[in-house]
Amino acid sequence: MTLMEDSVGVGDLVLLEPLEEEPLLKNLQLRYENKEIYTYIGNVLISVNPYQQLPIYGPEFIAKYRDYTFYELKPHIYALANVAYQSLRDRDRDQCVLITGESGAGKTEASKLVMSYVAAVCGKGEQVNSVKEQLLQSNPVLEAFGNAKTIRNNNSSRFVSDHLPGSPLGGVITNYLLEKSRVVKQLEGERNFHIFYQLLAGADAHLLEALKLERDTSHYAYLNQKVSRVDGMDDASNFKSVQNAMTVIGFSETEIQQVLEVTALVLKLGNVELADESQANGISASGIRDERGVQEIGEMIGLNSEELEKALCSRTMKTAKEEVVTTLNFTQAQYARDALAKNIYSRLFNWIVNRINESIKVGSGEKKKVMGVLDIYGFEILEDNSFEQFVINYCNEKLQQVFIEMTLKEEQEEYKREGIPWTKVDYFDNGIICNLIEHNQQGILAMLDEECLRPGVVSDSTFLVKLNQVFSKHGYYESKVTQNAQRQYDHTMGLSCFRICHYAVLGQGHGPSRPIVTYNVNSFIDKNNDLLFRDLSQAMWKAQHPLLQSLFPEGVPTQTSLKRPPTAGAQFKSSVAILMKNLYSKNPNYIRCIKPNEHQQRGQFSSELVAVQTRYLGLLENVRVRRAGYAYRQRYGPFLERYRLLGRSTWPRWNGGDREGVEKVLGELSLSSEELAFGKTKIFIRSPKTLFYLEEKRHLRLQQLATLIQKIYRGWRCRTHYQLMRKSQILISSWFRGNMQRKRYAKMKASVVLIQAFVRGWKARKDYRKYFRSGAALTLADFIYKSITQKFLLGLRNNLPSTNILDRTWPAAPYRCFNTANQELQQLFYRWKCKRFRDRLSPKQVEILKEKLCASELFKGKKASYPQSVPIPFCGDYLGLQGNPKLQKLKGGEEGPVLMADTVKKVNRGNGKTSSRILLLTKGHVILTDTKKSQAKTVIGLDSVAEVSVTSFKDGLFSLHLNEISSVGSRGDFLLVSEHVIELLTKMYQAVLDATQRQLLISVTEKFSVRFKESSVAVKVIQGPEGDRNGKLKCKKKGSRCLEVTV
């Protein structure tokens, strides 16, 4: 009963009020706009194509619908498929799902959904899964070879197929009619069959070369050049899918290759150009314009090109006594070529269907249950309707006849089963239209066959004349001649046309303005004849191509028959008869597909277009048939479960039978007896108004029950809340009282302890005054001092600073009496840290620190460049002495290691110019040598160095003052410049101290004098404006005894 809950519009049109076309269209439009594309008419499903993917399919929804009956959930194609499958499985009744509708209405997709549902819910097993996979994979193959883009649909089925999945152990696919005329000609805006475009787009270069094809579709006459691509369709990808599907079905690699070769043959036949020729006797003949195309075909299929050319351009007429060869004119040769192409493709399609059936057939020993899925052409009304549209609409007319008859039969059988009197239903029987087409003597198809077989001049015009004579007074036939006889003028009716008023387009009335279908008789004779000359059949049989040979068994010379093959119309009529027989033998399930708009756009709903489809699908007629007696019926159990709340005796519980309960409910509601009928297992309701009345009463009753439930619930919730609050209050009170008593007890205990303490103290003081009064003050003072001292020391132990020697922090003393001790402890702790730090140093690190300490004592606060030298470790060797053996020889073998090796600049005391020198400092000497020569130029003993003068600026200028008595000192002092003056003088200071046990005097001053020969020169160092930036020296001689140095 979910059908009526939260439903958009009416889910079942049987319940539609009023039952007219306009409300029906509005209901479909309302549901379509809310993406409810499925609607019921009883057990008939209406499907409106949404032109988009909706999230209502897949395993989740399959599992949902397989567990419920037809009306328990929203209308869905899975519900209908489930009913069909359960009837097949549980009742052992063969099923058939008839899917009808216009081209582009979604019939092919509907058939896929039905088959996918059956495949999902049927049994499991290796054989079952294999057959299911093969059945599902047959769809892309059949679509590729049997579907094409039409004006109305990008993937229109151009054949009638009947899938019989049957038991999960196998299946059968029946092909009734392929629109093979499409192979050679398509309307504007349409394409040929998909496989041609898929082959050219998806085949690799090697395969195209083997098939002698080119990828460009414009090179093939049988392909519409204006429409080579379809939006949303990937031909290359689809070709790969077709190849994979054929492999899954069971096609061998050889079979797939042969199928593609035959497909390529059809394309290449269209490129065979014929020429109009004349024989010597003046009779028209034909020939091949370009031999290359015929040769390529012959090479591909293993046939002599001359034999193929002869078969295309001539015809052999055989009688009982003689054989006559006649040449074909240009038109006849074109007909022969196109007929061959059509027959090859049609027979190839039949072979593919049979090959699929071989793979999925049921074993001979298996019991067969059959479910047929009929995917048929939609009813077609084009601007120019020809023979194909005529037979398609004839098939739809027969299906409509079956639909009405079987619907009435089903209704009558249900009434009979339930024991309810059956009232005859008046409805339009379209048998008169079916007889107009299929009557054995006076039907259009019979007269078309008669005209094709009649000797003499036969044409489409003579066929139309015959129709006008026979059906001049038929109510559902008209032409230009019959209109003239009735003095009607219709400029839309052509001279070569006739019209049939199909039941499918009758609509509501039967007046002169009713819509009818116009057919053009041009090419009716040729398409019905569908002749393939015997020469072409024999030529194809002679080809060294196994598949092509099997397609033309009549080409075997020993089996040649002079009997004329049946016409296309006769074959189709026979196929329709077989189809009708199959349908009558099965339980039908109907899906009516509707196309909402002509542009295949989502969300668009054309009421005019849908109205035409609802008429020719007979939806209103179907609803009337369903409502002729009783509009609604339901089993007693579900009905009672839904409506028992309306009766006082059945609510809230009922212990009797279902039928008795339904009678009780309806009796208390005082419904008219004419509106109700009680069957054996179901309740029947005549008018939808009565059902809506029940629904309204149920809705009001639900509101009352909801209010009652809310009242009971609120009362229960309030009582529960009160009880919870009362319980909580009691708990809180008990805890509060207990806590108060505990606090009172704690206060009483504390008071008792305090009193006891005071008493014990009083007693102790009393005893103390009596025995210990004399030495108490000293004892207490000593105890207090020791206590605060202990507290101080313990606190200091717990708050000692880090062991980092740079950390000079120390906690303050809590009392002034500890200040001295605190300072001593601080000094002791710092010394301990320093000793600990020194003990961890390596000898090399100790030497480095000693040098740094010495530099600090000499230059800290005196020399501006000292702070920059602190973080830089002393290197000593700035010349790479280890790699220069010549410089190592200068120091001599007994001098020991070189303490300092650096490049310095010597200032000329006479003119102030500088020159580069190499300075080596050893343990006993200072050696100066020229940078370009490897010989010692000046060797100064450390005992000759009396003093060093250096400036306080950042420059590297210093003067070595020598003793006059020394041999070198007699030449005068040295004025030098070094970039590492701090390190050099520090090392020199330590070397002099180690060598002479005296401290070298280092003077930091900006004015000093240096001895020069017999006289002295005063040196004055000043700081220039850029002295702090680059430290460059500028020496300027001022007179003969003054040298000014700017740093």
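Residues numbered from 1 in each chain as written. Predicted model: local features only at pLDDT ≥ 70, side-chain atom pairs only at ≥ 80, totals over all residues. Heavy atoms only, no water.

Under the annotation held in an unreviewed UniProt entry, the protein carries the name Unconventional myosin-Ia and is attributed to Panthera tigris altaica. Note on the protein: under the UniProt heading Sequence similarities (unreviewed entry), the record states "Belongs to the TRAFAC class myosin-kinesin ATPase superfamily. Myosin family." As its UniProt record puts it under Function (unreviewed entry), the protein is described as follows: "Involved in directing the movement of organelles along actin filaments." (UniProt positions renumbered as here; feature names shortened; annotations may be inferred.)

(A) Summary view of helix α16 (residues 460-470). Every buried residue belonging to α16 is among Asp460, Phe463, Leu464, Lys466, Leu467 and Asn468, and all of these are buried. Along its buried surface, α16 packs onto α15 (444-453), β13 (477-479), α17 (480-485), β14 (497-500) and α18 (524-529). (Buried < 20%, exposed > 50% of the residue type's maximum accessible area, 1.4 Å probe, protein only. Helix = DSSP H or I, 4+ residues; strand = E, 2+ residues; numbered from the N terminus. Contact = heavy atoms within 4.5 Å.)

(B) Region of interest: a nonpolar patch on the surface. Residues Leu780, Phe783 and Ile784 make up a contiguous nonpolar surface patch of roughly 330 Å² in combined accessible area. The residue Phe783 is located in helix α27 (residues 776-798) in this model. Relative accessible area serves as the criterion here: at 56%, Phe783 is assigned to the exposed category. (Patch = residues over 30% accessible without salt bridge, like charges linked within 9 Å, V, L, I, M, F, W, Y side chains within 5 Å. Areas by Shrake-Rupley, 256 points an atom, 1.4 Å probe, with all protein chains shown as cover. Salt bridge = Lys/Arg side-chain N within 4 Å of Asp/Glu carboxyl O.)

(C) Focus on unusual backbone geometry. The peptide bond linking Glu17 to Pro18 adopts the cis configuration, its omega dihedral lying at -10°. Tracing the backbone through its elements, the reader meets Pro18 in the segment before α1 (21-33). Here Trp651 and Pro652 are connected by a cis peptide whose omega angle stands at 10°. Inspection of the secondary structure assignment puts Pro652 in the loop between α24 (636-643) and α25 (658-668).

(D) Local environment of the sheet that holds strand β15 (residues 517-520). Spatially, β13-β14-β15 is the arrangement adopted by the three strands of the open sheet, whose pairing is antiparallel. Sheet topology places β13 and β15 at the edges, where each strand pairs with a single neighbour. On average, each strand axis in the sheet is inclined to that of its neighbour by 30°, with strand direction left out of account. Looking at chain direction, β14 and β15 are connected through four bridges and run antiparallel. Bridge pairing in β15 places Cys497 opposite Asn520. The sheet contacts of α16 involve β13 and β14, and relative to β13 the element is tilted by about 130°. (Pairing = 2+ DSSP bridges. Axes fitted to C-alpha atoms, helices over the stretch in contact; angles between N-to-C directions.)

(E) Just the nonpolar core, in detail. Within the largest apolar cluster, 194 residues are counted, with the highest numbers of intra-cluster contacts made by Phe145, Ile344, Phe390, Phe498 and Met540. It is helix α12 (residues 330-360) that contributes the most residues to this core, 13 residues altogether. Discounting residues that sit within four places of it in the chain, Met540 has contacts with Ile301, Leu303, Leu308, Leu340, Ile344, Leu548, Gln549 and Phe552. With 32 residues, the next largest nonpolar core counts Leu858, Leu985, Tyr989 and Val992 among its residues. (Core = buried A, V, L, I, M, F, W, Y, C linked by side-chain atoms within 4.5 Å.)

(F) Here's a closer look at helix α32 (residues 981-996). Here α32 is 16 residues long and its end C-alpha atoms lie 22 Å apart, about the 22 Å a rise of 1.5 Å per residue gives. Those residues of α32 that sit buried are Val981, Ile982, Glu983, Leu984, Leu985, Thr986, Lys987, Met988, Tyr989, Ala991 and Val992. Directly beyond the C-terminal end of α32, a positive phi value near 60° is found at Gln997. (Expected span 1.5 Å × (residues − 1).)

(G) Structural detail: the sheet that holds strand β18 (residues 676-678). Pairing within the open sheet is antiparallel, and its three strands lie in the order β17-β19-β18. Edge positions in the open sheet fall to β17 (632-635) and β18, since each of these has one partner strand only. Along the sheet, successive strands turn relative to each other by an average axial angle of 15°, direction set aside. Here three bridges tie β18 to strand β19 (residues 682-685), and the two strands are oriented antiparallel to one another.

(H) Inspection of the pattern of salt bridges at higher detail. This model, assessed by the stated rule, comprises 32 salt bridges. Its salt-bridge partner being Arg454, residue Glu451 comes within 2.7 Å of it at the nearest N-O pair. Arg659 is the partner of Glu663 in a salt bridge, and the nearest nitrogen-oxygen pair spans 3.2 Å. Highlighted residues: Glu663 and Arg659, both in helix α25, separated by four residues, approximately one helical turn. For Arg659, a relative accessible area of 35% puts it in the partly exposed group.

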